[in-house]
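Below, each chain spelled out in residue letters.
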Amino acid sequence: TPQGQLISFETQRYYGGDKDAQLQTWLIEMLDYKEFQRIIIPYKCRVTWILPDGDFNWLNLEITELEFN
């Protein structure tokens, strides 16, 4: 983005919990940013498995409150 914010990243993770689990692509997309206590973070994200049989949307994340010190 023009502000230098991260748009997405991907990594290889084991899909499934079986002994024959295989590495598959895990895509994390930052959909929107928001300011919490003067710190801007990606507060809406989507996590998708990129699988041979098609994409699987695993998680839609929205941070509504953030507390830190």
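Residues numbered from 1 in each chain as written. Predicted model: local features only at pLDDT ≥ 70, side-chain atom pairs only at ≥ 80, totals over all residues. Heavy atoms only, no water.

**Quick look at the environment of glutamate 62**
Structurally, glutamate 62 is set in strand S4 (residues 54–62). In this structure the C-alpha to C-alpha distance between glutamate 62 and leucine 31, which are 31 residues apart in sequence, comes to 9.6 Å. (Helix = DSSP H or I, 4+ residues; strand = E, 2+ residues; numbered from the N terminus.)

**Comments concerning the packing of aromatic side chains**
The final tally for this structure, using the stated rule, is three aromatic pairs. The interplanar angle of 65° and the centroid separation of 4.9 Å between the aromatic rings of tyrosine 15 and tryptophan 49 together place this pair among those described as edge-to-face. Here tyrosine 15 is found in strand S1 (residues 8–15), whereas its partner tryptophan 49 is found in strand S3 (residues 39–51), with 34 residues between them in sequence. Take tyrosine 15: its relative accessible area is 34%, and that puts it in the partly exposed class. Of the residues examined, tryptophan 49 reaches a relative accessible area of 7% and is grouped as buried. When the ring of tryptophan 26 is compared with that of tryptophan 49, the centres are 6.0 Å apart and the planes differ by 50°; the resulting orientation is tilted. Placement of tryptophan 26 in strand S2 (residues 22–36) and of tryptophan 49 in strand S3 is noted, with a sequence separation of 23 residues between them. Tryptophan 49 shares its class with tryptophan 26; the two are buried. (Phe/Tyr/Trp six-rings, centres within 6.5 Å; stacked < 30°, edge-to-face > 60°. Buried < 20%, exposed > 50% of the residue type's maximum accessible area, 1.4 Å probe, protein only.)

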